[in-house]
Amino acid sequence: DHLNINQKAIEYFEHNEYDEALALFKEALNESRNVQSLTNLAWIYYHEESDAESALELVKEAIILNPTSHFPYNLLGEINVALERWEDASNVLLKSIAIKPTKEAYNNLAIAKYHLGELNEASALFLKSAEPSDYKMFSHINCLIEMGKLTEAKCKLDAFSESDDEFVGEVHVAELYFELQCFSEANRWFEKSWDTYYKTPDWVCRYIY
């Protein structure tokens, strides 16, 4: 039964029996080129094989079938972001969010909008997907700085804590303080980075400055 092949493939995949899973996902696709089998195999190609082009073909085929699920749109958006096709990513992610909003879709759409120069939208979208002190919050604050909303940016940056689960890292925090020209705060965070971070010229130069 077709549904069972997909189900079985997912079970193999979850038990890290990767080759068996891949074979079954391919078999499911041979039996029926429907939204589920196309999207599943596209996901595997993209996330496990790092083959964006093959994934792209499959997921585009899935979307021609007008899926009611947000998954294919979300995946296509994610692949378009990886391929730096910002306009395509933006269009398909808006569809995904219209069906079902997810943090992942908001974040990918934020990245696309940022690269399209739509900072207001990008800023709001990063905030929708952010956790305290994580990379998305960092990106949100970066947008605020680029838009000249410096007071708001500093307030939000002051709230960053190393003890938060998804903490972005000391160097990143220091760099935003540097952008805000809050040099004593930047120094404090660069100092924390000194023993734990790989030293690269870009941030070490800023610290020296």
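Cut-offs and rules
- Residues numbered from 1 in each chain as written.
- Predicted model: local features only at pLDDT ≥ 70, side-chain atom pairs only at ≥ 80, totals over all residues.
- Heavy atoms only, no water.
- Helix = DSSP H or I, 4+ residues; strand = E, 2+ residues; numbered from the N terminus.
- Buried < 20%, exposed > 50% of the residue type's maximum accessible area, 1.4 Å probe, protein only.
- Contact = heavy atoms within 4.5 Å.
- Polar contact = N/O pair within 3.5 Å; in protein donor to acceptor, adjacent residues only side chain to side chain.
- Lys, Arg positive; Asp, Glu negative; His and termini not counted.
- Salt bridge = Lys/Arg side-chain N within 4 Å of Asp/Glu carboxyl O.
- Axes fitted to C-alpha atoms, helices over the stretch in contact; angles between N-to-C directions.
- Parallel < 35°, antiparallel > 145°, perpendicular 65-115°, else oblique.
- Left-handed = near helix turned anticlockwise from the far one by under 90°.
- Nonpolar A, V, L, I, M, F, W, Y, C, P; charged D, E, K, R; others polar.

Caption draft 1: Local environment of the environment of R33. Along the chain, R33 turns up in the loop between α2 (18-31) and α3 (35-47). The exposure class of R33 is partly exposed, given its relative accessible area of 44%. Note: C-alpha distance between R33 and V171 (138 residues apart in sequence) is 47 Å. Once residues within four sequence positions are removed from consideration, R33 is found in contact with L38, L58, E61 and L65. One polar contact links R33 to E61, side chain to side chain, over a distance of 2.8 Å.

Caption draft 2: Just the side chain of D134, in detail. If you trace the backbone, D134 turns up in the loop between α8 (119-129) and α9 (135-146). Buried charge without a salt bridge: D134, with K136 as the nearest opposite-charge side chain at an N-O distance of 4.8 Å. A distance of 2.8 Å separates the side chain of D134 from the backbone nitrogen of M137, its partner in a polar contact. Those residues in contact with D134 that sit more than four places away from it in its chain are S129, F160, E166 and V168.

Caption draft 3: Representation of unusual backbone geometry in the model. We note that S133 has phi near 70°; this positive angle belongs to a residue other than glycine. Inspection of the secondary structure assignment puts S133 in the loop between α8 and α9. The residue Q181 is not glycine, and still its phi comes out positive at about 60°. Turning to its location among the elements, Q181 is positioned in the loop between α11 (170-179) and α12 (183-193). In this structure Q181 comes out as exposed when scored by relative accessible area, which is 61%.

Caption draft 4: Structural detail: the packing of α3 against helix α5 (residues 71-82). Where α3 contacts α5, the two axes come as close as 10 Å, and the packing angle between them is 30°. Here α5 runs roughly parallel to α3, going by the angle between their axes. Of the two possible hands of crossing, α3 and α5 adopt the one that is left-handed. Across the interface between the two elements, V35, T39, A42, W43, Y46 and H47 from α3 touch F71, P72, L75, E78, I79 and A82 from α5. Residues that form the contact of α3 with α5 fall into these classes: 9 nonpolar, 2 polar and 1 charged.

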